[in-house]
Amino acid sequence: MKKYKDMSKDELLTLKAALMEEYKEEQAKGLSLNMARGKPGFSQLALSMQMLDEINSKSDMRTLLGNDTRNYGDLDGIGECRQLMADMMEVKKENIIVYGNSSLNVMYDTVSRSMTHGVNGSTPWCKLDKVKFLCPVPGYDRHFKITEFFGIEMINIPMNSDGPDMDLVEKYVNNDAAVKGIWCVPKYSNPTGIVYSDEVVRRFAALKPAAEDFRIFWDNAYCIHHLYKDQQAEIPNILEECEKAGNPDMAYMFASTSKITFPGSGVSAIATSTTNVEFIKQQLTVQTIGHDKINQLRHTRFFKNIDGLKAHMEKHADILRPKFEAVLNAFDQELTGLEIGSWVKPLGGYFISFDALEGCAKKIVAMCKDAGVVLTGAGATYPYGKDPKDSNIRIAPSFPSVEEMEAASKIFVLCVKLASIDKYLEA
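Predicted model, so just to flag it, every value in this text is computed and none were measured. (Residues numbered from 1 in each chain as written. Predicted model: local features only at pLDDT ≥ 70, side-chain atom pairs only at ≥ 80, totals over all residues. Heavy atoms only, no water.)

Sorry if this is basic, but what is going on with empty space enclosed by the protein here?
In this approach a probe as big as a water molecule rolls over the atoms, and the regions it shows empty are the leftover space. Counted under the stated rule, the structure contains two cavities of 30 Å³ or more. In this structure, the largest cavity encloses a volume near 90 Å³. Contributing to the lining of the largest cavity are 13 residues, with Pro136, Gly139, Tyr140, Val185 and Asn190 lying nearest its centre. Mapped onto the lining of the largest cavity, the elements with two or more residues apiece are helix H5 (141-149) and strand E6 (179-184). Volume-wise, the second largest cavity comes out at about 30 Å³. (1 Å grid on protein atoms, 1.4 Å probe; cavity = no way out; pocket = protein on both sides within 12 Å on 5 of 7 lines; lining within 4 Å. Points joined across faces, edges and corners; volume = space filled by probe spheres on them. Helix = DSSP H or I, 4+ residues; strand = E, 2+ residues; numbered from the N terminus.)

Below, the structure written as structure tokens:
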């Protein structure tokens, strides 16, 4: 297959004309496919419907310790749910606080609390002249929206194949006291699917921050979201590594069941040092009487233990895997060797990241939309929505069916080819 960059202008124009005919045929189909956000599909949501039968008007609503989940109490979550989340996040139960349905809410609260009340007695961030956050890119747009909302300056950190550029992370963290945090998705990163290496995790734990209130925001959203039973990524536990390195309070870990059960009715948790837990609970006693303990009870009775949770996730993988492979097969068959894009085959998580030729991402996304395929906006995977190369595109294969993903991938590939041809014709 001849590379586009090696084609003459006439060859490119001839190829463009043929591809435009295909594109118009796809437009005429009137498709309406949405791959903008990583929403679980209908069949995934159906897996958890029996959880709704775990509790009814005749159910015993008491926890294993005898506490009534209908009443006040258990500010940090019922014991059995704390244990389930601890097992999922591979931490100790005493390091866990269970919240409501969304880990994003917990992350927002954690930044907000730091802004207004500081971190474990430090100066509130809102009283400082400058607060900075490091942002591995491409990354999770909702992380960036939180720090942008609070007026925190965001600094791009390039992602390598094994995680963030740690030389750059160390340079900023160890020398600039204004750097207060870094966003991380360590396993099956959003959107690249990259897994942090053991070395990267340990370099994080060994940081020597110039700021005593620096924190690693470790969003372990996909900790058990494997696609392949025989290829499951494992990484060192950041809390354990931080304790070994003499930085026991440096990391906050977040996770939830939003993409395990129901996004609107899951349970979320933060895992961190006991010192951090006690500081956070000071706010919680003011903020809430307690989160939805009945939902926590429902979850724990449905899964029973970590083995039940893992078995449930294997069913999710069986549904998701063909959708991911539909996209990746299209890329392999249609784009390999053309040198007009690159991608990584993720082993888990919810996204596929595609890097087009520089300056082509916005055009590809717009062309896909005109043909009935909605993608996350180009630039969304960078702070302030500004991809300096206009090349990264996040694809979310989870919501459409396999057949729809095949149709959407065909259109996406066509748009990549057409935008790349225009790029070379304009050169």
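Moving on from the coordinates now.
Explanation requested: the environment of Asp76 in the structure shown.
With respect to the helices and strands, the residue Asp76 is situated in the loop between helix H2 (42-46) and helix H3 (79-89). When the C-alpha positions of Asp76 and His291 are compared, they lie 8.2 Å apart, and in sequence the two are 215 residues distant.

I tried to follow the packing of helix H11 (residues 306-335) against helix H13 (residues 402-426) on my own but got confused; where do I start?
The relative placement of two packed helices is expressed as an angle between their axes plus a distance between the axes. Between H11 and H13, whose axes approach to 9 Å, the crossing angle comes to 30 degrees. On the basis of the axis angle, H11 is roughly parallel to H13. Our pair here, H11 against H13, has a crossing hand that is right-handed. For the pair H11 and H13, the contacting residues are Pro322, Lys323, Ala326, Val327, Ala330, Phe331, Glu334 and Leu335 in the first and Val402, Met405, Glu406, Ser409, Phe412, Val413, Val416 and Lys417 in the second. For the contact of H11 with H13, the per-class residue count stands at 11 nonpolar, one polar and four charged. (Axes fitted to C-alpha atoms, helices over the stretch in contact; angles between N-to-C directions. Parallel < 35°, antiparallel > 145°, perpendicular 65-115°, else oblique. Left-handed = near helix turned anticlockwise from the far one by under 90°. Contact = heavy atoms within 4.5 Å. Nonpolar A, V, L, I, M, F, W, Y, C, P; charged D, E, K, R; others polar.)

Sorry, what's going on with the sheet that holds strand E3 (residues 132-137) here?
Across a sheet, paired strands are connected by hydrogen bonds in the backbone, their directions being either parallel or antiparallel. Reading across the sheet, the eight strands line up as E2-E9-E8-E7-E6-E3-E4-E5 and stay open at both edges, with mixed pairing between neighbours. Every other strand in the sheet has two partners, leaving strand E2 (96-98) and strand E5 (163-164) as the edge strands with one partner each. Bridge count for E3 against E6 is three bridges, and the pairing is parallel. Pairing of Phe133 across the sheet is with Gly181, part of E6. Lying on the sheet, H5 is in contact with E3, strand E4 (153-160), E6 and strand E7 (215-219); it crosses E6 at an angle near 160 degrees. (Pairing = 2+ DSSP bridges.)

What am I meant to see in the environment of Gly163 here?
Along the polypeptide, Gly163 turns up in strand E5. Judged by relative accessible area, Gly163 falls into the buried class, the value being 0%. Spatially, the C-alpha atom of Gly163 lies 8.6 Å from that of Ser189, the residues being 26 residues apart in sequence. Other than its neighbours up to four places away in sequence, Gly163 contacts Pro158, Ile194 and Tyr196. (Buried < 20%, exposed > 50% of the residue type's maximum accessible area, 1.4 Å probe, protein only.)

Could you clarify how one ought to interpret the sheet that holds strand E13 (residues 392-395) in this entry?
An order of E10-E11-E13 is seen for the three strands of this open sheet, with the pairing classed as antiparallel. Here the strands that pair on one side only, and so sit at the sheet edges, are strand E10 (341-343) and E13. Recorded for the sheet is a direction-independent mean angle of 25 degrees between the axes of neighbouring strands. Both E10 and strand E11 (residues 352-356) contribute to a ladder of three bridges, which runs antiparallel. Residue pairing for E11: Trp343 is matched across the bridge by Phe354.

Got a minute to help me understand unusual backbone geometry in this structure?
One can expect most non-glycine residues to show negative phi and most peptide bonds to be in trans. Pro138 follows Val137 through a cis peptide bond whose omega is -5 degrees. Its location among the elements puts Pro138 in the loop between E3 and H5. Of note, the phi angle at Tyr384 is positive, near 65 degrees, even though the residue is not glycine. Counting through the fold element by element, Tyr384 comes out in the loop between strand E12 (373-375) and E13. Classification of Tyr384 by relative accessible area gives partly exposed; the value is 39%.

Where do I start with the pairing of E3 in this structure?
For a regular strand, side chains alternate in direction, first toward one face of the sheet and then toward the other. Of all the six residues making up E3, six are buried; the element is thus mostly covered by neighbouring parts of the structure. Bridge count between E3 and E4: six bridges; the pairing is parallel. Across the sheet, residue Lys132 finds its bridge partner in E4, namely Glu153. For the segment spanning E3, H5 and E4, crossover handedness is right-handed. (Right-handed = clockwise from strand over helix to strand, strands pointing away.)

Spatial relationships are all this shows, so hold off on functional conclusions.
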